Amino acid sequence: EGTKEMLKEIFEGGTFSSKSFRATWLPGGSGYLVLENTPGEDNNSLVRYEVASGERAVLISPSKLASSGERGSHKIESYVVSSDGSKILIQASGEELEGNTRSYWMLDTNTGSMQKVKAGANNTIAPDGQRILYAEEGNLYVYDLSDEVKTQITTAAVPGIVHYGRAVWSPD
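Quantities reported herein were computed from a predicted structural model and do not represent experimental measurements.

1. Things to note about the nonpolar core
Grouped together as the largest cluster of nonpolar side chains are 14 residues, with contacts concentrated most on Leu-33, Leu-46, Ile-60, Leu-65, Tyr-79, Ile-88 and Ile-90. Elements with a minimum of two residues in this core: strand E5 (74-81), strand E6 (87-96) and strand E7 (99-108). Core analysis: the second largest hydrophobic core is formed by 11 residues, Leu-89, Met-106, Ile-125 and Tyr-143 among them.

Rendered as structure tokens:
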């Protein structure tokens, strides 16, 4: 009889259930990034944890986006890390006077500087960390961080029919 109660507690009561954990490991495995709820707000902050020490550092918070020239409140929705971990592309949504907007920011993890960039769906950062590949209205584009120029690289898209998924950079 005790075994039956124990099994019921394990499977129905969730005795050994774990909380989900969604993180992005940094290259080399020295740490990982997570989006955490900002206490007292309906926002997320991008946080880095060091594996060896457990040290926690907030890399991007909604207030940092606001101090970078964005008006209104902002919520970090997602991020993409470059292959060497030196750049992080952040997608944020916000409410401005014109209505809901989506903005993209590139964080340089070496300097802590942020640059507002043009990007869209299915973002990937080039291996050299200097360009962003993304999809917009069915076509692929490249945004160059150094000269801030957006270049369309495909033109044959038919919205809703052609889908590039997550296009990737070649290693070179």
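2. Let's talk about the sheet that holds strand E2 (residues 31-37)
One open sheet accounts for four strands, arranged E1-E2-E3-E4; its pairing is antiparallel. Both outer strands of the open sheet, strand E1 (24-25) and strand E4 (56-60), are each paired with one neighbouring strand and no more.

3. Looking at the side chain of Ser-45
For Ser-45, the location among the structural elements is in strand E3 (residues 44-50). According to the relative accessible area criterion, Ser-45 is buried, its value standing at 7%. Sequence-distant contacts of Ser-45, defined by excluding residues within four places in its chain, comprise Val-34, Leu-35, Glu-36, Thr-38, Val-58, Ile-60, Ser-61, Pro-62 and Ile-76.

Rules used in this analysis
Every chain's residues receive numbers from 1 upward, in the order its sequence appears when written. pLDDT decides what is reported in this predicted model: residues at 70 or higher carry local features, side-chain atom pairs at 80 or more are listed and counted, and totals for whole chains, interfaces and linings draw on all residues regardless. The side-chain values count all of the structure's non-hydrogen atoms but skip hydrogen atoms and water molecules. Side-chain atoms within 4.5 Å link the members of a nonpolar core, which is a set of buried Ala, Val, Leu, Ile, Met, Phe, Trp, Tyr and Cys residues. In this scheme, a residue with accessible area under 20% of its type's maximum is buried, one over 50% is exposed, and one in between is partly exposed, where area comes from a 1.4 Å probe on protein chains only. Numbering of helices and strands runs from the N terminus, with a helix taken as a DSSP run of H or I at least four residues long and a strand as a DSSP run of E at least two residues long. For two strands to be treated as a pair, DSSP must find no fewer than two bridges joining them. In this analysis, two residues are considered to be in contact whenever any of their non-hydrogen atoms come within 4.5 Å of each other.

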